[in-house]
There are 2 protein chains.
Amino acid sequence: MSPEQTAAALDAIPQPLVLIGADMRIAAMNARASELFRVAGIGRHYATVLRNPAVLDAIDAVLKGDRPGTARFYTGDSREGTWRVSAIPVRGDGGMMLSFEDVTDVEHAGQMRRDFVTNVSHELKTPLTALLGFIETLRGPAREDAAARDRFLEIMEKEAARMNRLVSDLLSLSRVETTERLRPTEKLSLREIAGTVVNAVRPMADAADVVLRLETEEGLETSAFDVMGDPDQLQQIVLNLVENAIKYGASGGEVTIRLSLREREAVFRGPGVQLDVIDKGEGFDPIHIPRLTERFYRVDTHRSREQGGTGLGLAIVKHIVSRHRGRFRIESAPGEGATFTILLPAA
Amino acid sequence: MSPEQTAAALDAIPQPLVLIGADMRIAAMNARASELFRVAGIGRHYATVLRNPAVLDAIDAVLKGDRPGTARFYTGDSREGTWRVSAIPVRGDGGMMLSFEDVTDVEHAGQMRRDFVTNVSHELKTPLTALLGFIETLRGPAREDAAARDRFLEIMEKEAARMNRLVSDLLSLSRVETTERLRPTEKLSLREIAGTVVNAVRPMADAADVVLRLETEEGLETSAFDVMGDPDQLQQIVLNLVENAIKYGASGGEVTIRLSLREREAVFRGPGVQLDVIDKGEGFDPIHIPRLTERFYRVDTHRSREQGGTGLGLAIVKHIVSRHRGRFRIESAPGEGATFTILLPAA
Ligand SMILES: Nc1ncnc2c1ncn2[C@@H]1O[C@H](COP(=O)(O)OP(=O)(O)OP(=O)(O)O)[C@@H](O)[C@H]1O
Ligand SMILES: Nc1ncnc2c1ncn2[C@@H]1O[C@H](COP(=O)(O)OP(=O)(O)OP(=O)(O)O)[C@@H](O)[C@H]1O
Ligand SMILES: [Mg+2]
Ligand SMILES: [Mg+2]
């Protein structure tokens, strides 16, 4: 192989690679390595090119003992990341190969799990403390106070029910994640699912004085809105969106569920089925949009808690839509209501 | 570079790599790739060597469109694993490079997180359902029944307190994990910590009719048991072990906390401080030992729950000991009590 061929071969490996010769000069360096170190250093002494202390330590380890050396280091550039470098001597050559593995995501996953535990714990701490306080009062000071008892038990029920919902939501989130790589195989009509949900939430809408409307493009059959889906999961996303619209958009007095077809949807390279859930309530600053689908994120935590919310509803929606290879969009502005849009590939 | 040099360079890259030439024959294949596919296939047509459908699909993608193709596949050999393969065309050559990334650990981490959520949820579901049931009964059928009320409120308090402990334990587990890579920097005496814990649990031991004994080798000063540690964390491990001994070993009537020095501890290549927590209770089948430090694992789930246990105590102990570069050992046999041993490097 010519040096050009070797260089081309190394460029076709996704990891950054640096080959150091026996003369301690850089014999080869692929495109990704040049990107990572922002320099194309072929022919130069390695120490003038790779200035990172952790990388130099790994090289030293090999130079001292002929044993592979590894280290991890951070890059502080635009795309901040954590890399694991390993230096391995090249057989019969006196030089060594440095390869760099991007472990940013792995480290991030560990951090996310810890954040998750912290969030869940804090979500539970508050209602549990309240419950314990009420129980103590009912066993002591308010032991003979029937009126206080009724009031307390009512609040306790609300708190316990919310915790129960939190736990169910956590379980369904975890179930959705487990199925995320499996493509759903059932053909079903999004129109029909919307109809079922509308019937189910009618009492909730009435209680909140909200008029529910289900709009479908004229002259289309139910089957025009067929998608490949998991019936329980699709029902859950529509339910979560409509419940949100009623809970947070009640002041607008109406919530519309609109179904339409997109003949040629660029993102799918084919037709799509669209479902919008539109309310005329207070809306929110669009600054929140990118974070709304994070677990436990709320625009107004206090208000969401009061409504029995757990902050997991939209995270579940996002995962289900992603499992269905769909798209999820949010639009809102203060005082102008909010529109939540789901777009799925037509079956 | 000679073909030998290229081969040696590829062998010094930790990922399995296969270079396919324009003639669709394997031009190079490093040692790890030969290991993965159990064949050294240089010179042969790729399809006779790489028989995995996902790998062949990735190659096809490149052949059809000159675009990188990726796929993931499982290997069913001794060391079962999941790999992500990417096929990238080699510039100006007509061939392509296949590189394989081991994503087993990443997938495993995801699975562990989901198992964790499922476990936590189930741990919470039971007491929450009980709580909701009691609240409902107190608001309805037992509304005027003072005796039932007292009884129910007592159980409710126990359940709520246990959930509260679960949440605190989850938080401390997550905190310990966060600090796991940081070496503790404070010098403190394990003897002193054991003394503090013994005083704190004395009332619990008395209530269980258990005699608590703290034994130290004769003639040694408190500072002989100095270790580098985090005071809160070390206190927590001793507390967890002593509480377990009292809770599950009460029938033995005594619990001994024994401190000793190991002059030359092989695992540390230096002196160690040892703490044993010994009970004479019922013990357990050693078959459980490897799993006892798993989260939520219990020998007898029902009994642990009754005692207010969450099954996280020993998992916390294990993580704290590991952060302190120590060793944790368990010994037991049915009817012969149990001994839990912590060994830390002496300061
Ligand atoms: N239609 C809406 N109008 C205004 N704010 C909304 C609307 N829908 C959602 N939000 C905001 O987004 C937040 C996140 O919604 P999400 O459904 O994830 O959680 P939640 O409703 O608080 O709890 P859960 O759905 O789990 O019971 C809500 O707390 C609320 O602040
Ligand atoms: N000294 C002991 N004798 C017998 N069994 C024990 C002893 N210590 C622990 N176990 C068993 O090991 C299990 C795990 O202990 P661990 O401390 O992790 O959880 P727990 O005590 O059930 O709950 P927690 O400590 O979180 O309140 C216990 O449930 C019990 O079955
Ligand atoms: Mg919601
Ligand atoms: Mg315990």
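Note that the coordinates shown come from a computational prediction; the quantities given were computed from them, not determined experimentally. (Residues numbered from 1 in each chain as written. Chains lettered and ligands numbered in written order. Predicted model: local features only at pLDDT ≥ 70, side-chain atom pairs only at ≥ 80, totals over all residues. Heavy atoms only, no water.)

Trainee: Got a minute to help me understand the side chain of S174 of chain B in this structure?
Mentor: Considering the arrangement of structural elements, one finds S174 of chain B in helix α6 (residues 146-179). Residue class for S174 of chain B comes out buried when judged on its relative accessible area of 6%. With residues up to four places along the chain from it excluded, the contact list for S174 of chain B reads R114, V117 and T118 of chain A. (Helix = DSSP H or I, 4+ residues; strand = E, 2+ residues; numbered from the N terminus. Buried < 20%, exposed > 50% of the residue type's maximum accessible area, 1.4 Å probe, protein only. Contact = heavy atoms within 4.5 Å.)

Trainee: Would you mind showing me how to read the sheet that holds strand β10 (residues 270-279) of chain A here?
Mentor: Whenever strands of a sheet pair, they do so through backbone hydrogen bonds, lying parallel or antiparallel. All names here are of chain A. Within the open sheet, the five strands sit side by side as β7-β9-β10-β12-β11. Their pairing is mixed. In this open sheet, the two strands that pair with only one neighbour each are β7 (211-216) and β11 (327-332). Neighbour-to-neighbour, the strand axes of this sheet turn through a mean angle of 15 degrees, independent of strand direction. As paired strands, β7 and strand β9 (residues 254-265) are joined by six bridges and run parallel to one another. Bridging from a neighbouring strand, V211 pairs with E254 of β9. Across the sheet, helix α7 (residues 190-207) touches β7, β9, β10 and β12 (338-345), and the angle it forms with β7 is around 170 degrees. Along the sheet, helix α10 (residues 313-323) contacts β11 and β12; its crossing angle with β11, the most-contacted strand, is approximately 140 degrees. (Pairing = 2+ DSSP bridges. Axes fitted to C-alpha atoms, helices over the stretch in contact; angles between N-to-C directions.)

Trainee: Just to check I follow, could you spell out the site of ligand 1 for this structure?
Mentor: All names here are of chain A. In the region of ligand 1, 21 residues are neighbours, and R165, Y248, S304, T310 and L314 sit closest. Side-chain polar atom of R165 to an oxygen atom of ligand 1: 2.6 Å apart, as the coordinates give it. Burial of ligand 1 by the protein amounts to 97% of the accessible area it has alone, namely 600 Å². At the level of elements, α6 (146-179), α8 (231-249) and α10 are the ones that each hand at least two residues to the shell around ligand 1. Looking at the shell around ligand 1 element by element, the count peaks at four residues for α8. Of the residues in the shell around ligand 1, the class split is nine nonpolar, six polar and six charged. (Near = heavy atom within 4 Å. Polar contact = N/O pair within 3.5 Å; in protein donor to acceptor, adjacent residues only side chain to side chain. Areas by Shrake-Rupley, 256 points an atom, 1.4 Å probe, with all protein chains shown as cover. Nonpolar A, V, L, I, M, F, W, Y, C, P; charged D, E, K, R; others polar.)

Trainee: When you look at the packing of aromatic side chains in this model, what are you seeing that I'm missing?
Mentor: The geometry of an aromatic ring pair comes down to the distance between the two centres and the angle between the two planes. Residues and elements named next belong to chain B. Applying the stated criterion to the full structure yields nine aromatic pairs over all chains. Ring plane angle 40 degrees and centroid distance 4.9 Å describe the contact between F134 and F152, whose orientation is recorded as tilted. Placement of F134 in helix α5 (residues 104-139) and of F152 in helix α6 is noted, with a sequence separation of 18 residues between them. Residue classification places F134 among the buried residues on the basis of a relative accessible area of 18%. A residue is classified by how much of its surface remains accessible, and F152, at 13% relative accessible area, is buried. Seen in terms of ring centroids, F284 and F340 are 6.4 Å apart; in terms of plane orientation they differ by 55 degrees. Their pairing is tilted. Of this pair, F284 sits in the loop between β10 (270-279) and α9 (301-306) while F340 sits in strand β12 (residues 338-345); the two residues are 56 residues apart in sequence, bridging distant segments of the chain. (Phe/Tyr/Trp six-rings, centres within 6.5 Å; stacked < 30°, edge-to-face > 60°.)

Trainee: Can you walk me through the site of ligand 2 in this structure?
Mentor: Residues and elements named next belong to chain B. Taken together, 21 residues surround ligand 2, and among them R165, N244, S304, T310 and L314 come closest. R165 places a polar side-chain atom, nitrogen or oxygen, 2.6 Å from an oxygen atom of ligand 2. Summarising the interface, the protein chains cover 97% of the accessible area of ligand 2, which totals 600 Å² for the free molecule. Structurally, ligand 2 is housed in the second largest pocket. Counting residues per element, the ones that place at least two in the shell around ligand 2 are α6, α8 (231-249) and α10 (313-323). Grouping the amino acids of the shell around ligand 2 by side-chain chemistry returns nine nonpolar, six polar and six charged. (1 Å grid on protein atoms, 1.4 Å probe; cavity = no way out; pocket = protein on both sides within 12 Å on 5 of 7 lines; lining within 4 Å. Sits in = over half its atoms within 2 Å of the grid points.)

Trainee: Quick question: what am I supposed to make of helix α7 (residues 190-207) of chain B here?
Mentor: The periodicity of an α-helix, 3.6 residues per turn, causes residues three or four places apart in sequence to face the same way. Residue and element names in this part refer to chain B. Taking 1.5 Å per residue as the helical rise, α7 with its 18 residues ought to reach 26 Å, and the 26 Å between its terminal C-alpha atoms agrees with that figure. The sharpest bend along α7 comes to roughly 50 degrees, located at V201, with the proline P203 sitting one to four residues further on. Where α7 is concerned, the buried positions are L190, I193, A194, G195, V197, V198, V201 and A205. Structurally, α7 contributes buried residues whose contacts are with β6 (186-189), β7 (211-216), α8, β9 (254-265), β10 and β12. (Expected span 1.5 Å × (residues − 1). Bend = angle between axes of the 7 residues up to and from the residue.)

Trainee: When you look at the interface of chain B and chain A in this model, what are you seeing that I'm missing?
Mentor: By a frequent convention, interface size equals the accessible area lost on bringing the separate parts together. Listed per partner, the contact involves 59 residues of chain B and 60 residues of chain A. Between chain B and chain A lies a buried interface of about 5,800 Å² when both sides are counted; carbon and sulfur atoms form 62% of it. Where chain B packs against chain A, one counts six salt bridges. At the boundary of chain B with chain A, the tally comes to ten residue pairs in polar contact (both at pLDDT 80 or more). Elements supplying a minimum of two residues to the side of chain B that touches chain A: α1 (3-11), β1 (17-20), β4 (81-89), β5 (96-102), α5 and α6 of chain B. Tallied by class, the residues present in the side of chain B that touches chain A amount to 32 nonpolar, eleven polar and 16 charged. (Buried area = accessible area lost by both parts, 1.4 Å probe. Salt bridge = Lys/Arg side-chain N within 4 Å of Asp/Glu carboxyl O.)

Trainee: Help me understand the pairing of β5 of chain B in this model?
Mentor: Consecutive side chains of a regular strand alternate in pointing toward one face of the sheet and then the other. All names here are of chain B. Counted residue by residue, β5 has five buried out of seven residues, so it is predominantly covered. Pairing of β1 with β5 involves four bridges; the strand directions are antiparallel. Among the inter-strand pairings, L19 is bridged to a residue of β5, identified as M97. Where β4 lies against β5, seven bridges are found, and the strand directions are antiparallel. Residue pairing for β5: W83 is matched across the bridge by D102. What sits between β4 and β5 in their antiparallel hairpin is a turn of six residues, with G92 showing a positive phi close to 60 degrees.

Trainee: What should I look at first to understand the UniProt feature "domain: Histidine kinase" (unreviewed entry) in chain A in this one?
Mentor: As annotated in UniProt, the feature "domain: Histidine kinase" (unreviewed entry) corresponds to residues 119-347 of chain A in the numbering used here. Overall, residues 119-347 of chain A shows 48% helix and 22% strand. The separation of its end C-alpha atoms is 38 Å. (UniProt positions renumbered as here; feature names shortened; annotations may be inferred.)

Trainee: I would appreciate a short explanation of the pattern of salt bridges in the present structure.
Mentor: Throughout the structure, instances matching the rule amount to 26 salt bridges over all chains. The partner of D11 of chain A in a salt bridge is R91 of chain B, and the shortest N-O contact between them spans 2.1 Å. Placement of D11 of chain A in helix α1 (residues 3-11) and of R91 of chain B in the loop between β4 and β5 is noted, with the two residues assigned to different chains. The partner of D230 of chain B in a salt bridge is R323 of chain B, with the nearest N and O atoms 3.3 Å apart. Linking D230 of chain B in the loop between β8 (226-229) and α8 with R323 of chain B in helix α10, this pair joins segments that are 93 residues apart in sequence. With relative accessibility at 21%, the residue D230 of chain B sits in the partly exposed group. Given a relative accessible area of 6%, R323 of chain B falls into the buried group. Among the ionic contacts, a cluster of salt bridges with common partners joins R143 and E144 of chain A together with D150 of chain B.

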